[in-house]
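# Fold and contact review
Listed below are the residues making up each chain.
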Amino acid sequence: MTPPGFIKSLGLLFAPDIRRIRNTYAGPSPQPAAPSLIILFLGLLFICAEYYVSTRLFQHIMDQIHLEGLRYVLLAKLLQMVYLVFTVLLIYSNIVMSISSYFTSPEVEMMHCRPVSESAIFANRFIETFIRSSWMFLVFAVPILFAYSRVLAPDEPFFPQLFLIILPSLILPTAAGVIIGILLIMVFSPRRTQQVFLIMGIFLATGLIMIFRMMQPEKLIDPIGLEQVNFYLDTLRIPTIDWSPAAWAAEGIAAYGENRPAINRHFSVRLWGTALFGLGCAFSIFRLFWWKARSGGRDSERVETHPSVKTRKRSPASPFRCSLLQRDLILFNRDPGQWSQLIVIAALIVIYVFNFKNLPYELYGFQYSMAFVSVGAAGLILSALLARFGFPAVSAEGRSIWILQTGPINWRRYLWQKFLFLIIPSMLIGTVLVVFSVRILDVRTALVVKCVVAEWAIAVGCTGLAVGLGAQKPRFDMKDAAMVAVSATGLYYMITAVIFIVLTIGLVILPDTVRYLSIGYRWLQFIRHTDRTAVWILVTVITSLVVIVPMENGIRSLKKPID
Amino acid sequence: MLSIENLMKRYGKRTVVDQLSLTVNRGELFAFLGPNGAGKTTTIKMMCGLLRPGGGHVVINGFDIVKNSRAAKASFGYIPDQPFLYDRLTPREFLRFIGGLYGIKPEDCDSRTEYWLDQFELLPFQDELIGSFSHGMRQKIAFTAAFIHNPPVLIVDEPMVGLDPRGAVILKKLLRQRCEAGLTAFVSTHSLDVAEQIADRIGIIHQGRLIAEGTMSELRDMTRQSNHRLESIFLELTRARDIGEIPVEALRQ
């Protein structure tokens, strides 16, 4: 019996993945298609919005700048900026993915103990890394490139040429990621390397987003003069060096705007040559060092017992409460994938504050209204954060849930503890956001207090909603807690949270709105003196309901054994 | 101490557990055998409150697992066939956590942790992350976690999975010792040798129904095979294509 050849082996290695996808929707026990369709719809919506905004931006540049050369430089700079951001992200993403694909994935051992050629395994893992890392480029960058092609309407068929440029510029980061990944595993263990790069990746992504935001691309929409263009070009000075493939790709695409296909072909050839060279290098590194990396690179798993375990003897709280809190703290502390997300929160807050500071609120004239707009915006940020940390709080138990399910657990205490664990940071973040933004508006202290109290109500309500709804349909099979909210229940949570935020703000501003309107409309006189106390009681009742109803449903759901 | 009465479970039209009834007395080690897909794990999951029974009752230490689940769950320790533990906790931290769930005071938990880790020869590894442990070591950790609250009943799904010969001997000895001290153990296993060596009574489930139950000698009598080993008895009882061919009631008597 002869082992299968390269092509056949590659096909066989991909067969389980294809089968798995097919079985998800058309297998013996298919998954409901609705959640996937909703996500697909939202994704398409995002792509369309991105395409629209990019088209407007490119069109604006075309309309405003009449100097051909300057227009070309500006467009090329813009594309370089997009390409450079994505290339850096792609390299990091590929390093993390390659460690998973080549070392930690359960399929790796299965492949290596079969009579399959090394080249087929390399190709299979390479393609997997490529797909898992590059999809974001297709979603986020391709609509921009399509918009570019539409606005500039190049003479030659654009899409085949675009494909010829994009493909090698995606292969290169994958090859680089695989090479760096294998070399890193030779020094460290796969888990540690992946963690380090995950954190670095989050830092990088956050930094890039913040830099991009602070460059204020929206200023391009303003009418600009030549002097300002020069200043703008100056601010766009980014490290796009001649030997950077990201710059080649951007230059190659931008060359179409100038109808210079020869330049495009030149960069295309350069990119393909480099990509094939990178691919060859990655394969050589794989052949030379994969076994060495797999058998080497170990690090000690010995850890210091957590200090909270040592001091627990003096805790006045019940052993049950202590145990859960302590476990959550230790697990959070030891999982960089979890705590690194705090960086994302910090970035979100900085971006929010930056945006708010740059809002032309004086144009609107209503500081009062703007104060409550800030309450709403802070509420939306909070609800998004709770979708990440509160909604998956129960699902985060993962496959270890059997420990709790077979123990004498008081599920009510368990879920309320989750709620209490989240409520303090939620209220704190909400307070910081609101106080900062209303202080910028320079409003009365009474209004600041009103806004803060409204934000507390939103924080309490959204926390209860997130924890409670998350407990109603927990996903213990999910490896990544961040993905738990990407479900129909997650979407339901977001919609309910937004309605609750709008309702709370609407009620809080009701007495003042009625008083304001009654000046012009006499028929409103009879409700002129709307009882503020009654409004706050109503807010309290609604907030309590928004907390208690989902929490109680969640408790009921947790108590029930699986059918 | 542990009684199952007319337990049932259906998935669609397929009956996985069919009118299963049995009793395990205090201090008894009951081995639960059956071919793959016979309904062993489903039965155990219903016993532990992980699956809702389609019918019937499970009573542990006098508490119904559905009606009085917290009291019932406080009465048993459970070791699943695949114990998913917290990879980023050390055994000491994990056992502190488990102790807390059962309301054990920290000072008591410390001494119990040390005792049980020592019993399973895991004391030198108490400060290493569970994530770095082998399957057998994880199995031992699951055992220590099940014993930490001194439960009167122990429910085990495949006890020997991943254990080395020394670990298996320690476990068998420990189970026997604890049963002699009054522990009631319900052990589901594919290892017929283990069942033969340590069980007081053996139950065989096939196609969701309990087809035989009794001591080794009673099982031999049922199959009229004196001196035969459990393997032969098991194969003979489970080979019948039609469950009706086996005179269950006659065999029981």
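For clarity, every value in this text was computed on a predicted model and none was experimentally measured. (Residues numbered from 1 in each chain as written. Chains lettered and ligands numbered in written order. Predicted model: local features only at pLDDT ≥ 70, side-chain atom pairs only at ≥ 80, totals over all residues.)

## Let's talk about the overall build of chain B
Filter applied, for reference: Strands here are runs of E lasting at least two residues and helices are runs of H or I lasting at least four, both read from the DSSP assignment and numbered beginning at the N terminus. Exposure in this text rests on C-beta crowding, where 20 or more other C-beta atoms within 10 Å of a residue's own make it buried, 12 or fewer make it exposed, and counts in between make it partly exposed. The C-beta atoms are placed from the backbone. A residue pair is marked as a contact if its C-beta atoms, positioned from the backbone, fall within 7 Å.
Counting its regular elements, chain B contains 10 helices and 10 strands. Relative to its 253 residues, chain B shows a buried fraction of 49%. The long-range share in chain B, meaning contacts at least 24 apart out of those at least 6 apart in sequence, stands at 69%.

## Remarks on the overall build of chain A
Helix and strand counts for chain A stand at 22 helices and zero strands. For chain A, the share of sequence-separated contacts (at least 6 apart) that also reach a separation of at least 24 residues comes to 85%.

## Quick notes on helix α4 (residues 106–119) of chain B
Since one α-helical turn is 3.6 residues long, residues separated by three or four positions face the same way. Residues and elements named next belong to chain B. How we decide: Working rule for helices: expected span equals 1.5 Å times residues minus one.
For α4, built from 14 residues, the straight-helix expectation of 20 Å at 1.5 Å per residue is met to within 8% by its first-to-last C-alpha distance of 20 Å. Where α4 is buried, its residues touch α3 (91–101) and α5 (135–147). In the stretch just after α4, E121 is the one whose phi turns positive, near 55°.

## Here we look at the interface of chain A and chain B
What counts, and what does not: Polarity classes work like this: nonpolar for Ala, Val, Leu, Ile, Met, Phe, Trp, Tyr, Cys and Pro, charged for Asp, Glu, Lys and Arg, and polar for all others, with Gly in that last group.
Opposite the 30 residues of chain A that make contact, chain B presents 34 residues. Residue assignment for the side of chain A that touches chain B shows that the elements contributing at least two residues are α13 (319–334) and α18 (401–405) of chain A. Per-element tally for the side of chain A that touches chain B: the top contributor is α13(A), with nine residues. Among the residues making up the side of chain A that touches chain B, the classes are represented as 12 nonpolar, eight polar and 10 charged.

## What about the sheet that holds strand β10 (residues 209–214) of chain B?
Residue and element names in this part refer to chain B. Put simply, the test is: Strands were regarded as paired on the criterion that DSSP finds at least two bridges between them. Between N-to-C directions, angles span 0 to 180 degrees; the directions come from axes that are lines fitted to C-alpha atoms, helices contributing only their stretch in contact.
Read from one edge of the open sheet, six strands run β6-β7-β8-β3-β9-β10, paired in mixed fashion. Each edge of the open sheet carries a strand with a single partner, namely β6 (76–79) and β10. Neighbour-to-neighbour, the strand axes of the sheet open up by a mean angle of 15°, direction not taken into account. Across five bridges, the pairing between strand β9 (residues 201–206) and β10 is antiparallel. Within β10, the residue paired with H206 across the bridge is R209. Sheet contacts for helix α8 (residues 216–223): β9 and β10; angle to β10, the most-contacted strand, approximately 115°.

## A closer look at helix α19 (residues 411–441) of chain A
Residue and element names in this part refer to chain A. Selection criterion: Bend at a residue means the angle formed by two fitted axes: the first through the 7 residues ending at that position, the second through the 7 residues beginning there.
Here α19 spans 45 Å end to end across 31 residues, near enough to the 45 Å set by a 1.5 Å rise per residue. Helix geometry: α19 is bent most strongly at I423, by close to 30°, with proline P425 lying one to four residues after it. One or two positions beyond α19, positive phi appears at D442, with a value near 55°.

## Notes on the packing of helix α20 (residues 445–472) of chain A against helix α21 (residues 488–518) of chain A
All names here are of chain A. Put simply, the test is: Roughly parallel means an angle under 35 degrees; roughly antiparallel, over 145; roughly perpendicular, 65 to 115; everything else is oblique. For any helix crossing, the convention is left-handed if the near helix is rotated counterclockwise from the far helix by under a right angle, and right-handed if that rotation is clockwise.
At a minimum axis distance of 10 Å, the contact between α20 and α21 shows a crossing angle of 160°. Between α20 and α21, the crossing angle belongs to the class labelled roughly antiparallel. Of the two elements, α20 crosses α21, and the hand of that crossing is right-handed. Contact residues: α20 offers K450, A454, A457, I458, G461, C462, L465, A466, L469 and Q472, while α21 offers T489, Y492, Y493, T496, A497, F500, I501, T504, I505 and V508.

## Digging into the nonpolar core
Here is the rule: Throughout this description, the term nonpolar core refers to a group of buried Ala, Val, Leu, Ile, Met, Phe, Trp, Tyr and Cys residues whose C-beta atoms join them within 7 Å.
Formed by 135 residues in total, the largest nonpolar core has its most connected members in C462(A), A466(A), F30(B), A31(B), F94(B), I155(B) and A185(B). Top element by residues in this core is α20(A). It accounts for 12 residues. If near-sequence neighbours (up to four positions away) are discounted, C462(A) is found in contact with L382(A), S383(A), L386(A), A497(A) and F500(A). With 64 residues, the next largest nonpolar core counts I99(A), F126(A), I180(A) and W248(A) among its residues.

## Concerning the pairing of β9(B)
Counted residue by residue, β9(B) has six buried out of six residues, so it is predominantly covered. The two faces of β9(B) match: R201(B), G203(B) and I205(B) on one face and I202(B), I204(B) and H206(B) on the other face are all buried.

## Section: the environment of F234(B)
Residue and element names in this part refer to chain B. By secondary structure assignment, the location of F234 is in helix α9 (residues 230–239). In this structure the C-alpha to C-alpha distance between F234 and T223, which are 11 residues apart in sequence, comes to 9.6 Å. If we ignore the near neighbours within four places in the chain, the residues touching F234 are L33, L192 and I204.

## Description of the environment of S400(A)
One can find S400(A) in the loop between α17 (367–389) and α18. Given 19 C-beta atoms within 10 Å, S400(A) falls into the partly exposed group. Each C-alpha atom, one on S400(A) and one on D477(A), is 9.9 Å from the other, the two residues being 77 residues apart in sequence. With sequence-adjacent residues up to four places away left out, S400(A) is seen in contact with F84(B), L85(B) and Y86(B).

## Some words on the confidence of the model for chain B
All names here are of chain B. For the record, the criterion: The score called pLDDT rates the predictor's confidence residue by residue, from a low of 0 to a high of 100.
Residue-level pLDDT values for chain B average 86, and 93% of them are 70 or greater. Of all helices and strands in chain B, the one with the weakest mean pLDDT is helix α10 (residues 248–252) (54), whereas strand β8 (residues 184–188) scores best (94). Here the predicted complex carries an ipTM of 0.79, next to a pTM of 0.67.

## Some thoughts on unusual backbone geometry
Residue and element names in this part refer to chain B. Despite not being glycine, E121 shows a phi value in the positive range, around 55°. The residue E121 is located in the loop between α4 and α5 in this model. Among the residues examined, E121 registers 13 C-beta atoms within 10 Å and is labelled partly exposed. Positive phi is not limited to glycine here, since Q207 has a value of about 50°. With respect to the element layout, Q207 can be found in the loop between β9 and β10.

## Some remarks on the environment of G461(A)
Residue and element names in this part refer to chain A. With respect to the secondary-structure elements, G461 resides in helix α20. A residue is classified by how many C-beta atoms lie within 10 Å of it, and G461, with 28 of them, is buried. C-alpha of G461 to C-alpha of I501: the two residues are 40 residues apart in sequence and 8.7 Å apart in space. Leaving out residues up to four positions away in the same chain, G461 has contacts with F500, T543, V546 and V547.

## Some details on the pairing of strand β4 (residues 55–60) of chain B
Two faces belong to every sheet, and in a regular strand the side chains alternate between them. All names here are of chain B. Where strand β1 (residues 2–11) lies against β4, five bridges are found, and the strand directions are antiparallel. Across the sheet, residue E5 finds its bridge partner in β4, namely H57. Relative to strand β5 (residues 63–64), β4 runs antiparallel, the two being bridged by two bridges. Each bridged residue has a counterpart across the sheet, and for V59 the counterpart in β5 is D64. Joining the antiparallel neighbours β4 and β5 is a turn of two residues, in which N61 adopts a positive phi near 55°.

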